[in-house]
Amino acid sequence: MARAISKTGVIRAAGTMSGTSLDGVDVAIVETDGQQIFGFGPSHYRGYTDAERAVLLAALGKWSGPEVDAATSVVDEAHQQVLQQLLQDAPEVELVGFHGQTLAHAPRLQGTLQVGDGAGLAEAISRPVVWDFRSDDVAMGGEGAPLAPFFHFACAKYIGAEAPVAFLNLGGVGNITYVDPRYDRPENPGALLAFDTGPANAPVNDLMQARLGLAMDKGGAVARAGTVETGALELFLAEPYFTRMPPKSLDRNDFSEMIDLVRELSDADAAATLTGMCAAAVVQGVEHCPQMPQKILVTGGGRLNPVLMEMLQVALDCPVVPIEEVGLDGDMLEAQAFAHLAVRVVRGLPTSAPATTGVSACVGGGVLSVSTKT
């Protein structure tokens, strides 16, 4: 039978992430005991083909049916491939945290849906797999998102932060984690505050695809040539979501009417306006933080958009920098998070708390599937 997972000490775990930007699968290794980070290992990326991305896009917002089945097959195959590649380089990996692909997220209604067969993945790679991280949180009244904050807390300790910092992830949807590293544990009241800020790259990516056949506004080049339409921006900021107190979360297709607000604008003005909306949503979110962070560390694809980064730096009264400035990997941080969370799950530690998802009490989500292979 498969080796038992050690109950104490450092585990070398791999985590995966396939985000709402639908670009591909990240997988990365973290050495952790579930509380402290001891180091990082190699990582790999497996991009989705145009055909695979089309399958995933067709399933967004759906809870069942043939589109969801087809998306599940794409997700399973891509994850098996990238993990098998990683395990060739790092056969000593003991555990895998498998996030899957979010297709629909409505925690107060139907729930949350991440497709991907964790049990099948465990068999395919002959490693124990922790998956379905969000369901228990939602069942206990939480938003089920964001889930990276407990890892962000460990990262703040790892980089030696002594004052509050914020981790800002700008993927398809934006989310922020306010971390006060003066606390001992992430579940301590006051240690964390986390929530989705609003749409981030997804609306811009969708605009680029629909109008120009491009996957993204690379380097913010299209937005750089345009002007933000203030009327559309004001309508966007009038959405009730921004005045809701956190914790709170979004689905990728929430705010889909953003595209309608820029429909009559030129390509450049539309891109500039959607980029400005992303930045304005973050600024609104920072106002919910207990105090202005000493620094905002930006991860995800948005950190590579200089127009977006400039907008944030102008609007916020603290440094806004790519997370690489403190020695972390902005491309792999979310995958690393699910490696860390997987270790927390097998060690019986919580993965979310009232201040991160609004859950009624600290909860450790996740299902452990173990390979039957020797």
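Per an unreviewed UniProt entry, the recorded name for the protein is Anhydro-N-acetylmuramic acid kinase, and the organism is Tritonibacter aquimaris. Note on the protein: under the UniProt heading Function (unreviewed entry), the record states "Catalyzes the specific phosphorylation of 1,6-anhydro-N-acetylmuramic acid (anhMurNAc) with the simultaneous cleavage of the 1,6-anhydro ring, generating MurNAc-6-P. Is required for the utilization of anhMurNAc either imported from the medium or derived from its own cell wall murein, and thus plays a role in cell wall recycling." Check the Sequence similarities (unreviewed entry) section of the UniProt entry for the protein; it says "Belongs to the anhydro-N-acetylmuramic acid kinase family."

Caption draft 1: Up close: the state of the cysteines. Considering all chains together, one arrives at zero disulfides under this definition. Cysteine cysteine 289 is unpaired, with the sulfur of cysteine 318 as its nearest cysteine sulfur at 8.8 Å. Counting only cysteine sulfurs, cysteine 155 is the nearest neighbor of cysteine 362, a cysteine outside any disulfide, at a range of 19 Å.

Caption draft 2: The arrangement of the sheet that holds strand β8 (residues 173–179) in detail. Taken in spatial order, the five strands make up an open sheet running β9-β8-β7-β10-β11, and their pairing is mixed. On the outer flanks of this sheet lie β9 (192–199) and β11 (320–322), each paired with one strand and no other. Between one strand axis and the next, the sheet turns through 25° on average, direction left out of account. Judged from the four bridges that link them, strand β7 (residues 165–170) and strand β10 (residues 296–299) form a sheet pairing that is parallel. Bridge pairing in β10 links alanine 166 to isoleucine 296.

Caption draft 3: Looking closely at the packing of aromatic side chains. A full pass over the atoms with the stated rule returns seven aromatic pairs. Plain terms: the ring middles of tyrosine 241 and phenylalanine 242 are 6.0 Å apart, the flat faces sit at 80° to each other, and that makes the pair edge-to-face. Centre to centre, the rings of phenylalanine 242 and phenylalanine 255 are 5.5 Å apart; their planes meet at 45°, and the pair counts as tilted. Of this pair, phenylalanine 242 sits in the loop between α8 (230–237) and α9 (258–261) while phenylalanine 255 sits in the loop between α8 and α9, and the two are 13 residues apart along the sequence. According to the relative accessible area criterion, phenylalanine 242 is buried, its value standing at 6%. Cluster of aromatic residues (ring-pair linked, three or more members): Phe236, Tyr241, Phe242 and Phe255. Just above the ring of tyrosine 241 sits the side chain of lysine 248; from NZ or CZ to the centre is 4.4 Å.

Cut-offs and rules
Position labels on residues start from 1 in each chain and follow its written sequence. Reporting of local features is limited, given that this is a predicted model, to residues whose pLDDT is at least 70; pairs of side-chain atoms are given and counted only at 80 or more, and all residues count toward the totals for whole chains, interfaces and linings. Hydrogens are left out, water is left out, and the side-chain values use all remaining heavy atoms of the structure. UniProt positions are given in the numbering used here, feature names are shortened, and annotations may be inferred rather than shown by experiment. Count a disulfide wherever a pair of cysteine sulfur atoms falls within 2.5 Å. A pair of strands is considered paired only if DSSP assigns at least 2 bridges between the two. Secondary structure counts use DSSP, requiring at least four H or I residues in a row for a helix and at least two E residues in a row for a strand, with both numbered from the N terminus. Helix axes are fitted only over the stretch in contact, all axes being lines through C-alpha atoms; the angle between N-to-C directions runs from 0 to 180 degrees. The criterion for an aromatic pair is that two Phe, Tyr or Trp rings (for Trp, the six-membered ring) have centres within 6.5 Å, with stacked assigned to planes under 30 degrees apart, edge-to-face to planes over 60 apart and tilted to the rest. Buried means the residue's accessible area, taken with a 1.4 Å probe over protein chains only, is under 20% of the maximum for its type, while exposed means over 50%, and partly exposed covers the values in between. A positively charged side chain is recorded as over a ring if its NZ (Lys) or CZ (Arg) lies within 6 Å of the ring centre. The angle to the ring normal must also be within 35 degrees.

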